[in-house]
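Structural overview
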Amino acid sequence: MAVEWYLVLSSLLFATGAAGLLIRRNPLVILLCLELMLNAGNLALLAFARSLGDMDGQIFALVVMVVAACEVVIGLGLIVAMYRRRLPLNVDDMRGLRG
Amino acid sequence: MDASTFGWLVLAFPLAGSLLIALAWRALPGRTAGVIGTTAIGLAFAASIGMLLELLGEPAEERQIASALWQYADAAGIDIEAGILVDPLSVFMCLVVTGVSTLIHLYSTAYMASDRGYARFFSYLNFFVFSMLLLVLAGNFVFLIIGWAFVGFASYALISFWYRRNTATTAGMKAFVINVAGDVAMVIAAFLLIRDLGTVDYLEVFAGAEEAFSVNSGTIVAVCCLLLGGAFAKSAQVPLHTWLPDAMEGPTPVSALIHAATMVTAGVYLIARMFPLYELAPTAADIAAFVGLATLLIAATIALAVTDLKRIIAYSTMSQIGYMVVGVSIGAYSAGLFHLMTHAFFKALLFMAAGSVIAAMANRQNVDLMGGFRRAMPLTSALLVVGALALAAFPGTSGFFSKDEIMAFATERGGMYLIFTIGGYVGAFLTAIYAFRIGFRVVAGEPCREARELEQGHLVHAEPENPATGEAEDTDVGFPGPEHHIAERAWPMAAAMAVLGLGALFGGLVQVPGVTHVIDEFLAGTFDPSPLFHVEPSVGAEWLGLAIGAVISLAGIAVAWYGWVARRNDVTLRLIDRLPAVHRFLFNKWYFDEIQDALVYRPAIAIGQFSSAVFERYVVDGLVSGTVGVVRGAGVVVRGSQSGFVRAYALLLLGGLLALALYFLIVSS
Amino acid sequence: MGFLNYVVWLPLAVGVACFLVPRRVAPWLALAGALAVLGLAIGLVVDFEAGVAGIQHSVDESWIPELGVRYQLGVDGISIFLILLAALLWAGATAFSALRGEPGDPARSRLYYFLLGLGETATVGAFMAQDLLLFVLFFDLMLIPFFFLIGAFGGANRIAATTKMIVYTLVGSLLMLVGAIATAILVSQETGELSFALADLRENLLAAGSQEWIFCFFAAAFLVKMPAFPIHGWLPDAYRAAPLPVLVLLSAVLSKVGAYGFLRIALPLYPDAAVTFQEAILVIGVASVLYGSVMAFTQTNVRLIAGYSSIAQLGFITLGIFALRPDGADGAVLHMVNHGLVVAPLFLIIAILFARTGTEDLREMGGMATRAPVLAALFLVVTMATLAIPGSANFIGEFYILNGLFQEKVVYAVVASAGIVIAAFYALRLYQRTMHNRLPEGMVSRELSLREAAVLAPLVACIVALALWPGLILERGEASVEESLAAVEPTQVAER
């Protein structure tokens, strides 16, 4: 199978994730969308690795998965902390970084 | 030991004394500091004699011995050695300096005995002598300047010795700053010599100068004039003299030291030492002579009007230094230095006697309040009169021979130089008058209250007060407190004064025209190359000059007698009434202080205040606020994008990514 | 081989170690570290071979090969005594802080000593760096500890003061960074090889046109650091706000990095531009001398008197360097050390006086000598050295500087020498108004304590020792200075 189909799927997944990231306000959903985007990237990496016959892409995908796991741990931790403090689960209400 | 070893010893003893007293002052009981100080200078005097004997053992043409201890700095084409030059001139100066200083130290051991700063005083005093000896013995310009500046520092420390007095600290600062101005002039002269000769060593400079410079060429005249700046500042010549009368704020022995042995004679020494340069620059030498003449006349007129005993003597010093400057500038080297020596004797004596009188007056210094001490203080009075006689060049005294020798030389050179003869005799007349103004006011006349009490054996006590401002002194840090010391009751003072009295009376006999030539012959080792040194007035002409001098001196003393003894001061009071403007002019010292104040001090202060009030605030701070403004403005622009909305950041991120991707697409296609 | 590494990094290591020990111990650990660095620096000087140009004790490691940046350290006759000065004064400032229990808040003492250590590493590193980018890096690193030392431990108005200082110096630093990168890139276009090593850059000089603007960037950074008139605006505020031990380092050592930069970077790399801008910089130098001196004698805050006098002294140093002659530059090297040695005890004395009088205003002081003869004597020595009395090493420094300038540009030398006269006035004024005259009501004169004397006396001893043999520095600096000026002189000779 040609590599293009994988790439198309990957781009669709990535676009879905990006759109969700921009549209939704719930941090949990945003986290899911981020995961989607990362996995879209992984798919592309694996596809290229396969088509080029080079193992580097696979290794890189593993690294991305590790990073994603870390990110989920921290992100979920933050969300749990927000929930415990009864803060609204809305990213637009959190503007502490405004310049 | 050879002469240079003795030379180093001459330097080592006073320095060691100064350091020893400074480091061990807490452990020194009673008058030990004074004993150490006096011994140190006495040893230096002994070493000077050793130097003299060694030098006399050499053949006349080999009496210039240079010696260096270590390489002070040798880089970038300038080679400075820590070196001394022992020759007849420096040995002569060392003998005068250490000899007179020993006596002044001896006097001080008693005079300063009740001062709380006793050890500090002797440490400074020894350092002062060390500095002067360094100046005299230095073998190159850098060490000359170092000694020169150390003398300035020591004078500062001693003038402001009673540092609780505002007037004393101000006077010290004035002396120091004026002297630094002189130092700077000398430093620039050294730069010129380095430029054209590439060396700072005396002997190399003197050897090279004749080839490098033609007579009266611009550079050599500039060098000599700049050196004169230093000489005038140190020797208190017009217009750089204003520090000298103010320096009377220091203790009286300090005045004696500054005026007789150290410091003010340095300028005379400098001109004499640089004679090979001045003979290449006769213009500069003539300038020096005219300034000397002006100083000797101006100072003599002021000495007629001021009423502070020490200041009268101070102005007389200026005037006498004027004679010496005239002497060494017109080429009468041995006469000028001869006068330097005799002046050291009688001026030290005068100050010591004045110190004794001031102590008896409970620290009051106004001559108008004094009178009739002849019975109360016979020794002091006698020696004061001896000093005044020598100052007035009374026939037979030391000042008589030395002063007239300068005038005889000026006459011999003739032409323009006759001005100096005439001016010198006018000055001599004035000198005789003010010398005996001091003498008669203190010794003759009705005894004042203090003198009467002293006759009963009771030394007046008074709360010390500042003679300049009248405010009570702070005796906490040392001030010759309620205890005063007069020569009649303290043997070291009497001994020192007696020795100087002998010198003042008979010191002139070493060089009587046609009879003795001790100084001439000795100094030949230094001045032999100079053609002017061999110009000698005939014995007849010298004796004619002496005769004129004797008449003038006697006339002056007679005038003083008429004014202050015969008519009991009436004449002078009527003169003051008749000529108030002249009196005010003289009493205010020709307004030199005011002129300096208006021309130098006030403008500098004004510039400084303007700078800090206006320039600093608007221009310098303006620069920084401008920079801050730019940074802040840029910050406002960038801050707009920091909304705090996470999703906005995400959008920016994605937008950036897209833009990058687009860019690579376009580039690759 | 790696000897220099120890000198550079030991202070930082000790600073980090301060966080690991109990609070009470931290100052003493820092002091031990500073003394150890001083020992190493003395060893460096003893080991130094005099009369030889070029780098000694060189350390040369590849660092960022892609950018041609090397970790390259070395010492020569110009930097060796500045390193010793830095080590000495850091030891002095640390000792003074430790003995007096600085900072006042013991909870932050570890931070304080860590910052001091970082500052020493950065400064010594800047003096040793033989790679342009490494120099820039250390130069900027110096700023960070001092920003916090003043900002966190300073007196009133410290925030505004630090901000002002940072704005000034940062602008200079950024210009310098641009200049450094531009130099390396422009040179690499000629040679085809990117390198920041000073030795390489010195061999391949830029065209006169590019030299000129890059020189201006560097000059701006260095002149701000010194500081020179009229870009000294940060000085009054920073001097008023800084804690005194920090001010010692700021004034005595940091200001020298600017002057050092001229000798190490600006003259060898941009010789043509140095000749072009000689007059301009000389004017700045003379203006600094006169303006600093005049300001110093109208100020009443004792810190500012010392501060403005620093502007004047650094003006002399600038003049010496831009005489563009070996004698002037050699004098400048000596005078850098002199000024550091003099101004450090001066600020310590100001701290000591403040402890007795509770004021830093000259008008409220007086009579401090009454019961404190030792303090008065030490202060007198420092005062005399400050006003460069002949016989002090400061005089020899100024003598060489002004002589160099005199042989080159007579007028500047004569005008600048007026600064010496004014220096006599302001230095004596400072001494008299504090030590002499009457003791104001309610003030007590107190002798130096043993702890204060333990810091002050060695520094004064150094002044006296150097006064006896200034040749020590002059003779070692000569060869290196000539090397640094080597590129400048031929063009000048051609011009004449």
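Residues numbered from 1 in each chain as written. Chains lettered and ligands numbered in written order. Predicted model: local features only at pLDDT ≥ 70, side-chain atom pairs only at ≥ 80, totals over all residues.

For chain C, the helix and strand inventory stands at 20 helices and 2 strands. A compact globule built from 496 residues would reach a C-alpha radius of gyration of about 23 Å, and chain C, at 22 Å, matches this within 12%. Its C-alpha atoms put chain C at 70 × 55 × 40 Å along the principal axes. A separation threshold of at least 6 residues defines the contact pool for chain C, and within that pool the share at least 24 residues apart is 82%. (Helix = DSSP H or I, 4+ residues; strand = E, 2+ residues; numbered from the N terminus. Rg over C-alpha atoms; globule rule 2.2 N^0.38 Å. Contact = placed C-beta atoms within 7 Å.)

Attention now moves to the confidence of the model for chain C. Mean pLDDT over chain C: 87, with 98% of residues reaching 70 or higher. Predicted confidence is poor over residues 490-496 of chain C, with pLDDT under 50, and the contacts of this stretch with residues over four places away or in other chains come to 5 contacts. (pLDDT = per-residue confidence, 0-100.)

All names here are of chain B. With respect to the helices and strands, A335 occurs in helix α15 (residues 333-360). Remark: the alpha-carbon pair of A335 and I519, spanning 184 residues in sequence, is separated by 8.6 Å. Ignoring sequence-local partners within four residues, the contact set of A335 consists of G327, S402, E405, I406 and F409.

An α-helical turn contains 3.6 residues, so any two residues separated by three or four positions project in the same direction. Residues and elements named next belong to chain C. For helix α10 (residues 244-269), with 26 residues, the first-to-last C-alpha span of 36 Å sits near the 38 Å given by 1.5 Å per residue. Maximum bend of α10: about 35°, positioned at F262. Across the 26 residues of α10, 26 count as buried, placing the element largely inside the fold. (Expected span 1.5 Å × (residues − 1). Bend = angle between axes of the 7 residues up to and from the residue. Buried ≥ 20, exposed ≤ 12 C-beta atoms within 10 Å, placed from the backbone.)

With that out of the way, let us pick up helix α3 (residues 80-99) of chain C. An ideal rise of 1.5 Å per residue puts 28 Å on 20 residues; α3(C) measures up with 28 Å between its terminal C-alpha atoms. One or two positions beyond α3(C), positive phi appears at C:G101, with a value near 70°.

Of all 2 pairs of chains sharing an interface, the pair with the highest contact count is chains B and C. There is a clear gap between chain A and chain C: no contact, and 19 Å between their nearest C-alpha atoms.

To continue, consider the interface of chain B and chain A. Contact with chain B, which involves 10 residues of that partner, is made by 10 residues of chain A. At 5 residues, helix α26 (residues 646-668) of chain B tops the list of elements feeding residues into the side of chain B that touches chain A. For the side of chain B that touches chain A, the per-class residue count stands at 5 nonpolar, 3 polar and 2 charged. (Nonpolar A, V, L, I, M, F, W, Y, C, P; charged D, E, K, R; others polar.)

To continue, consider the interface of chain C and chain B. Taken together, the 48 residues of chain C in the interface contact 49 residues of chain B. Going through the elements one at a time, α6 (158-191), α12 (278-296), α14 (326-357), α16 (393-408), α17 (410-435) and α19 (471-485) of chain C are the ones with two or more residues in the side of chain C that touches chain B. Looking at the side of chain C that touches chain B residue by residue, the class counts come to 28 nonpolar, 14 polar and 6 charged.

Here we take up the packing of helix α1 (residues 3-24) of chain B against helix α2 (residues 32-57) of chain B. Residues and elements named next belong to chain B. At their nearest, the axes of α1 and α2 sit 8 Å apart, and the two run at 175° to each other. It follows that α1 is roughly antiparallel to α2 by the angle criterion. Broken down by class, the residue content of the contact of α1 with α2 amounts to 18 nonpolar, 5 polar and 1 charged. (Axes fitted to C-alpha atoms, helices over the stretch in contact; angles between N-to-C directions. Parallel < 35°, antiparallel > 145°, perpendicular 65-115°, else oblique.)

Before going further, it helps to spend a moment on the nonpolar core. If you look at the biggest cluster of nonpolar residues, it comprises 448 residues, and the most contacted ones within it are B:L133, B:A348, B:L349 and C:I83. Counting residues per element, this core draws most heavily on α15(B), which supplies 20 residues. (Core = buried A, V, L, I, M, F, W, Y, C linked by C-beta atoms within 7 Å.)

Right, let's get into the pairing of strand β2 (residues 69-75) of chain C. All names here are of chain C. By the criterion of burial, β2 is predominantly enclosed, with 5 of the 7 residues buried. Where strand β1 (residues 56-64) lies against β2, 6 bridges are found, and the strand directions are antiparallel. The partner of S62 across the bridge, within β2, is R70. Connecting the antiparallel pair β1 and β2 is a turn made up of 4 residues, with G68 showing a positive phi of about 70°. (Pairing = 2+ DSSP bridges.)

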